[in-house]
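# Examination of the molecular architecture
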Amino acid sequence: MNPRRLTPLALVTAISLASAGTAAAEDLAIAIHTDPSHAMFKIGERLKDTIESNTDGELTVTLLGTEVGGERDHLEGASYGEYAIALGGSMPMTLYAPEFAAADLPFVYDSSDQARKIYEGAMGEALNQSLIAKGNMRLVGLSARNPRNLTAKTAVETPEDVSGVRMRVPEIAPWVAVWGEIGALPSPIAWPEVYTSLQTGVIEMQENPVDNIYAGKLYEVQDYVSRTEHVYSFFHWLMNEDLYQEMSDEHRQVVLDAVADATAWGDQLVADGQAELYQKLEEEGMQIVEPDVAAFRQAARPAVEQIAQEYDPAVRDYVLSLIQ
């Protein structure tokens, strides 16, 4: 822990007095590791506006970005109490609740709604208790991400089309195992190196959501987008547990309501933007392919069944129920 860090209460709620005799205004720091142009940062801006307007200035919000570190730095800061809320991708689940980290398992879900059930009901409560116990953070909101698709220089329609092909995947063990089971040769390569690796032939395919495909200009080195939609994952909004417990009931509810409003708004923003991104990729010359997703799911099944054994029993049973 950074020795300069103060207690969670001191850092999570920075107290400032506008003038003598006025009430203290609590400033909540929200750390977001995405670029300011990203949808998640826009959700943060809406969150800030809603919290401030609905508390008449009793709560203020400071949005922090990569100037204070990357995703892991933000998560650790929220855990220690340096930030009130931090945005996490898949990392908080793998760090603090690995036995529940099944929502982004490839070729299991047909929709974000199916994947979201991991976070609901008894499973969701157990998941949150793990985040609290291991990370001192509580999950207060989810933001849907665009599903992940495969890109290549040739049309990919069936598992046979990826057999023996060098494919970039993130360094996430279950994803590597699933693609290996399907028949590809998974190559974990850092995202900043993907474009050059495709350009030089180090890899032949890669998988990512359409926003990353477009932002990374992969249309310059790939010709096809195969709509495998094999991963439906989420961004996680995590709140320091000490702050959550110390807040007044009124302020806590304002924050929770603001998160619910901002994430619902953001989910629509992401969904609306997906169609536009496909259109932009087509305008750049890429062709959209509708593959045999059922065949991919069948090919992935042995790996998924094995991976599922490592999950919490309720999560395991839910995952297995979807692939039978």
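Worth saying up front: this structure is predicted, and the values here are computed from it rather than measured.

### Regarding the confidence of the model for the chain
- Of all residues in the chain, 93% attain a pLDDT of 70 or more, and the chain-wide mean is 92.
- Throughout residues 1-23 the model reports pLDDT below 50, and contacts reaching past four residues in sequence, or to other chains, amount to 38 contacts.

### Some words on the packing of helix α2 (residues 39-54) against helix α11 (residues 249-283)
- Look at α2 against α11: their axes get within 9 Å of each other, and the N-to-C directions meet at 145°. Here α2 runs over α11; the crossing is right-handed. The residues of α11 that touch α2, namely those facing Ala39, Met40, Lys42, Ile43, Arg46, Leu47, Thr50, Ile51 and Asn54, are Val254, Val255, Ala258, Val259, Asp261, Ala262, Thr263, Trp265, Gly266, Leu269 and Val270.
- By residue class, the composition of the contact of α2 with α11 is 13 nonpolar, four polar and three charged.

### Brief notes about a negative patch on the surface
- Taken together, the side chains of Glu220, Glu282, Glu283 and Glu284 present a region of like negative charge at the surface.
- Accessibility expressed as a relative area gives 47% for Glu220, which makes it partly exposed.

### Regarding the pairing of strand β9 (residues 205-209)
- Of all five residues in β9, five are buried; the element is thus mostly enclosed.
- Burial along β9 is two-sided: Met205, Glu207 and Pro209 facing one way and Gln206 and Asn208 facing the other are all buried.
- The pairing of strand β7 (residues 166-169) with β9 spans two bridges and is classified as parallel. For Met167, the partnering residue across the bridge sits in β9 and is Met205.

### Points about the environment of Leu64
- Structurally, the position occupied by Leu64 is in strand β3 (residues 59-64).
- According to the relative accessible area criterion, Leu64 is buried, its value standing at 18%.
- For the pair formed by Leu64 and Gly183, sequence separation is 119 residues and the distance between their alpha carbons is 42 Å.
- Discounting residues that sit within four places of it in the chain, Leu64 has contacts with Ala29, Ile30, Ala31, Ile32, Phe41 and Tyr83.

### A few points about helix α7 (residues 173-182)
- Within α7 the residues assigned to the buried category are Trp175, Val178, Trp179 and Ile182. When α7 is viewed along its axis, its buried side chains cluster within an angular range of 90° and face the same direction.
- The inward-facing, buried residues of α7 contact β6 (148-152), β7, β8 (185-188), β9, β10 (224-231) and α12 (293-308).
- Once α7 finishes, Gly183 follows within two positions and takes phi at roughly 125°, a positive value.

### Some thoughts on the packing of aromatic side chains
- With the rule as written, the count across this model stands at five aromatic pairs.
- Both rings, one in Phe107 and one in Phe296, keep their centres 5.5 Å apart while their planes meet at 10°; by these two values the pair is stacked. Taken as a pair, Phe107 in the loop between α4 (91-96) and α5 (112-116) and Phe296 in helix α12 lie far apart in primary sequence, 189 residues in all. Of the two residues examined, Phe107 and Phe296, each falls in the buried class.
- An angle of 40° between the planes, with centres 5.8 Å apart, marks the rings of Tyr214 and Tyr219 as tilted.
- Relative accessible area serves as the criterion here: at 26%, Tyr214 is assigned to the partly exposed category.
- An aromatic cluster is built from Phe107, Trp179 and Phe296, whose rings are joined through pairwise contacts.
- One Lys or Arg, Arg145, reaches over the ring of Phe235 and ends 3.9 Å from the middle of that ring.
- Positioned over the ring face of Tyr244 is Arg252, at 5.0 Å from the centre of the ring.

Scoring rules and cut-offs
- Residues numbered from 1 in each chain as written.
- Predicted model: local features only at pLDDT ≥ 70, side-chain atom pairs only at ≥ 80, totals over all residues.
- Heavy atoms only, no water.
- pLDDT = per-residue confidence, 0-100.
- Contact = heavy atoms within 4.5 Å.
- Axes fitted to C-alpha atoms, helices over the stretch in contact; angles between N-to-C directions.
- Helix = DSSP H or I, 4+ residues; strand = E, 2+ residues; numbered from the N terminus.
- Left-handed = near helix turned anticlockwise from the far one by under 90°.
- Nonpolar A, V, L, I, M, F, W, Y, C, P; charged D, E, K, R; others polar.
- Patch = residues over 30% accessible without salt bridge, like charges linked within 9 Å, V, L, I, M, F, W, Y side chains within 5 Å.
- Areas by Shrake-Rupley, 256 points an atom, 1.4 Å probe, with all protein chains shown as cover.
- Salt bridge = Lys/Arg side-chain N within 4 Å of Asp/Glu carboxyl O.
- Lys, Arg positive; Asp, Glu negative; His and termini not counted.
- Charge placed at Lys NZ, Arg CZ, Asp CG, Glu CD.
- Buried < 20%, exposed > 50% of the residue type's maximum accessible area, 1.4 Å probe, protein only.
- Pairing = 2+ DSSP bridges.
- Arc of directions from axis to C-beta.
- Phe/Tyr/Trp six-rings, centres within 6.5 Å; stacked < 30°, edge-to-face > 60°.
- Lys NZ or Arg CZ within 6 Å of the ring centre and 35° of its normal.

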